[in-house]
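One letter stands for each residue in the lines below.
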Amino acid sequence: MDMLAILGFGMIIVFMVLIMSKKMHPVTALILIPLVFALMAGSGAGVGKMMVAGVRKIAPTAMMLLFAIMYFGIMINVGLFDPLVTYILRLVKGDPVKILVGTVLLTGVVALDGDGSTTFMIVCTAMMPLYDRLGISRITLAVFALMTNNVLNIIPWGGPTARVIAALGLEANEVFVPLVPGMIVAFIFLLVVAYFIGLKERKRLGIVEMDEATLQEISQKISTEAPELKRPGLFKVNLLLTIVLMIVLVSDTISLSVVFAVGTCLALIINFKSIKEQTARIEEHAPAALNVVVVIIAAGCFMGILSGTKMDAAITKTLVGMIPESFGPHMALITALLSAPGTFFLSNDAFYYGIVPILAKTGAAYGVTPVAIARASLMGQPIHFLSPLIGALWLLLGITKVTLGEIQKFAFPVATAMMFIYIIVGKVLGII
C-alpha cells in the first residue's frame, strides 16, 4: 500500500470517527480534515484549486436542494396539502384498516418536502388521537410513519440522494428517476402490510364511529402555519403547478435545479403579491435550505481534495487488489448489501462522502458505472432509518413515547423486505 492510499484511508477514518463521535460538525470536518491530509501529502500549493473544482461539480445539486426546500416549504405555507390531509382523515374515521392505510398515504404526502422531522410532527399530531381513541398501538403509527418517510426520503432533495449525487458528481435525474419503480413497489408493499395489520386490529377492536366535531378538531391540529398564509382560492393553481413540476421532473428533460428554481419563483409570484411577503417566505425557509446547502458545498471541497491529490486513485488501486476478480462485476450488488450496515453504523455523511466514492472507483475498474453504484448505495436506506444516529428518529420516539428497541423489533423485518424490494426491482430493470 503506497503512502497516498495510507493517507486516503487515514483521512476517511479520521473523518468518520469525528463525525460519529460528534467531535466536529460535518461542515468543519468536510473542509478541515481533507485540508490537513492534503498538506501531509505535499499538495498544499494546489489545494485551493482542488476545492473549487470539487464545488463546481456539486453546484447543480446545491442549487436543486436550495430551491426544492423553498418550493415545498411555500406549498406547505399556502396549504396545498391541507385539503388532502383533511380528506384522508374523513375517510379513515374509526376503521383500523383505513387508519393504518391512511397513515401511509398521509405520510407519503407530507414527506414530499424531504424533512423527516416535519413529517413526523405533522403525521403524528394528526393521527395519534385516532390511534389512542381506538386503542391501536403507537408502535404501529411510528413504524408506518418511519418506513413511509424512508421511501420518500430517496427523492433528490432528501438527505442520502443529495449526498451521493454530490459525492460522485452526478446529475439528480440519472440517479433518482430509475429508482422510482422500486419506490412505487415499496410504497405498495407498505400499503399491503398496513392493510393486513389493519384487518387484525379491526377484528380485535372493531370499528368506532367518530362524530363530526371530533374529526374537525383533529383536522385543525394538522397545520401549524399562520392562517394568513393560506391561499385556498389558489389551491387549483398551486396543485397544477406542482403536478406539472413533478411531470417535468420524472420526464428527465430538464435539470432538476432549473425545474425547482423556476417553480419556486412562480410559487412566490402566484401566492404572494408584494415583495415584502415574498421576502418573508424566503427568509423563513432560508435557514433549513442553508443548513443543507452548506454541507453539500463542504462535501464538494472534500471530494475535490480527495480527487485532486489522487488519494482516491490510490485507495481504489488498493481495494481492487483486495477484491477477488470474480466479485468485480458485482460491485453494485455488493454496494447495495453494504449500504445497510454501512448506513446503520455510520452517518449518511460518513458513508456517502467517505465510503461510496471508494466503492465507485473500485467498481469503475470492473466496468460498473458510478451511477449504478450511486443507485445501489441508496437501497439500504430502510435499515438506516432504524439507526440511533438519526435525529428525526429520536423526535418520532419522543412524540409517540415509543422506545428505540420497540420500533426496531417491529420495523426491522419490514425494513429488510423493503431493501430487498429495491434490490430485486433494480436487478430486474438493470439499473444496478
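From a predicted model like this one, the values you see are computed outputs, not experimental measurements.

Participant: Break down the overall build of the protein chain for me, with residues and values.
Facilitator: If you tally the helices and strands in the protein chain, you get 21 helices and zero strands. Relative to its length of 432 residues, the protein chain is compact, with a C-alpha radius of gyration of 22 Å against a globular reference of 22 Å. Projected onto its principal axes, the C-alpha positions of the protein chain cover 70 × 55 × 40 Å. Buried positions account for 54% of the 432 residues belonging to the protein chain. Across the protein chain, the fraction of contacts at a sequence separation of at least 24, relative to all contacts at a separation of at least 6, is 81%.

Participant: Run through the packing of helix α5 (residues 96–110) against helix α6 (residues 116–134), naming residues and quoting values.
Facilitator: Interaxial distance between α5 and α6 falls to 10 Å at its minimum, and their mutual angle equals 175°. The angle between α5 and α6 falls in the class roughly antiparallel. Contacts between α5 and α6 involve P96, I99, L100, T103, L106, T107 and V110 on the former and, on the latter, T119, I122, V123, A126, M127, L130, Y131 and L134.

Participant: Now, about a nonpolar patch on the surface: what can you tell me, with residues and values included?
Facilitator: A cluster of nonpolar side chains, M63, I254, V258, V262 and L266, forms an exposed patch at the surface whose accessible area comes to about 370 Å². The element best represented in the nonpolar patch is helix α13 (residues 256–271), accounting for three residues.

Participant: Give a detailed account of the environment of I155, specifying residues and quantitative values.
Facilitator: In this structure, I155 sits in the loop between α7 (138–152) and α8 (159–168). On the accessibility criterion, I155 (4% relative accessible area) is buried. When the C-alpha positions of I155 and H285 are compared, they lie 19 Å apart, and in sequence the two are 130 residues distant.

Participant: Before we move on, can you summarise unusual backbone geometry with the specific residues and values?
Facilitator: If you check the backbone angles, K310 has positive phi at about 70° while not being a glycine. If you trace the backbone, K310 turns up in the loop between α14 (275–308) and α15 (311–322). We classify K310 as exposed; its relative accessible area is 53%. One non-glycine residue, K401, lies in positive phi territory at about 60°. Here K401 shows up in the loop between α20 (391–400) and α21 (404–429).

Participant: Tell me what's going on with the environment of Y353, and back it up with residues and numbers.
Facilitator: As for its placement among the helices and strands, Y353 is situated in helix α17 (residues 348–364). As for Y353 and I296, which are separated by 57 residues in sequence, their C-alpha atoms are 10.0 Å apart.

Participant: Lay out the packing of aromatic side chains with the relevant residues and their values.
Facilitator: The final tally for this structure, using the stated rule, is six aromatic pairs. Ring pairs connect the aromatic residues Y71, F72 and F260, which therefore count as one cluster. Above the ring of F272, the side-chain terminus of R281 is found at 5.8 Å from the ring centroid.

Participant: Explain the side chain of S387 to me, and be specific about the residues and the numbers.
Facilitator: Its place among the elements puts S387 in the loop between α19 (381–384) and α20. A polar contact of 2.7 Å, which involves the side chain of S387, links it to the backbone oxygen of F344. Apart from the residues lying within four places of it in its own chain, the contact partners of S387 are T343, F344 and L393.

Participant: Before we move on, could you go through the pattern of salt bridges and cite the residues and values that matter?
Facilitator: Across all of its chains, the model carries five salt bridges by this definition. Residue D95 is joined to R202 by a salt bridge in which the shortest nitrogen-to-oxygen separation is 2.8 Å. In this pair, D95 sits in the loop between α4 (82–92) and α5 while R202 sits in helix α10 (residues 180–205), placing the two residues 107 residues apart along the sequence. Exposure remark for D95: the relative accessible area of 7% places this residue in the buried category. Residue class for R202 comes out partly exposed when judged on its relative accessible area of 31%.

Participant: Give a description of the environment of M40 that names residues and reports values.
Facilitator: Checked against the element boundaries, M40 lands in helix α2 (residues 26–40). With relative accessibility at 52%, the residue M40 sits in the exposed group. When the C-alpha atoms of M40 and L4 are compared, they prove to be 9.6 Å apart, with 36 residues separating the residues in sequence.

Participant: Go over the packing of α10 against α21, please, and point to the residues and values.
Facilitator: Two numbers describe how α10 lies on α21: the axes approach to 9 Å, and their chain directions differ by 145°. Regarding α10 and α21, the two cross each other, and that crossing is right-handed. Contacts from P181, G182, M183, V185, A186, F189, L190 and I197 in α10 reach F410, V414, A417, M418, I421, Y422, V425 and L429 in α21. Here the residues of the contact of α10 with α21 sort into 15 nonpolar, one polar and no charged.

Participant: Lay out the nonpolar core in plain terms, naming residues and giving numbers.
Facilitator: Membership of the largest hydrophobic core comes to 138 residues, with the highest contact counts inside it found for M147 and I407. Take this core: its biggest share by element is 11 residues, from α21. Non-local contacts of M147, meaning those with residues more than four positions away in its chain, are made with L190, P382, F385, L386, V414, A415 and M418. By size, the runner-up hydrophobic cluster in this structure holds six residues, among which are A38, V47, M51 and I305.

Participant: How would you summarise the side chain of T107 if you had to cite specific residues and measurements?
Facilitator: For T107, the position within the fold is in helix α5. Dropping the residues within four chain positions of it, T107 is found in contact with T119, V123, A145, T148 and N149.

Participant: Pulling in residues and values, what's your account of α17?
Facilitator: Think of an α-helix as 3.6 residues a turn; residues three or four steps apart then line up on the same face. Taking 1.5 Å per residue, 17 residues should reach 24 Å; α17 reaches 22 Å between its end C-alpha atoms and fits that length. Most pronounced at V356, the bend in α17 amounts to some 35°, and the proline P357 follows within four residues. Across the 17 residues of α17, 14 count as buried, placing the element largely inside the fold.

What counts and how
- Residues numbered from 1 in each chain as written.
- Predicted model: local features only at pLDDT ≥ 70, side-chain atom pairs only at ≥ 80, totals over all residues.
- Heavy atoms only, no water.
- Helix = DSSP H or I, 4+ residues; strand = E, 2+ residues; numbered from the N terminus.
- Rg over C-alpha atoms; globule rule 2.2 N^0.38 Å.
- Buried < 20%, exposed > 50% of the residue type's maximum accessible area, 1.4 Å probe, protein only.
- Contact = heavy atoms within 4.5 Å.
- Axes fitted to C-alpha atoms, helices over the stretch in contact; angles between N-to-C directions.
- Parallel < 35°, antiparallel > 145°, perpendicular 65-115°, else oblique.
- Patch = residues over 30% accessible without salt bridge, like charges linked within 9 Å, V, L, I, M, F, W, Y side chains within 5 Å.
- Areas by Shrake-Rupley, 256 points an atom, 1.4 Å probe, with all protein chains shown as cover.
- Salt bridge = Lys/Arg side-chain N within 4 Å of Asp/Glu carboxyl O.
- Phe/Tyr/Trp six-rings, centres within 6.5 Å; stacked < 30°, edge-to-face > 60°.
- Lys NZ or Arg CZ within 6 Å of the ring centre and 35° of its normal.
- Polar contact = N/O pair within 3.5 Å; in protein donor to acceptor, adjacent residues only side chain to side chain.
- Left-handed = near helix turned anticlockwise from the far one by under 90°.
- Nonpolar A, V, L, I, M, F, W, Y, C, P; charged D, E, K, R; others polar.
- Core = buried A, V, L, I, M, F, W, Y, C linked by side-chain atoms within 4.5 Å.
- Expected span 1.5 Å × (residues − 1).
- Bend = angle between axes of the 7 residues up to and from the residue.

Honestly, that's just the spatial picture; any functional story needs more than this.
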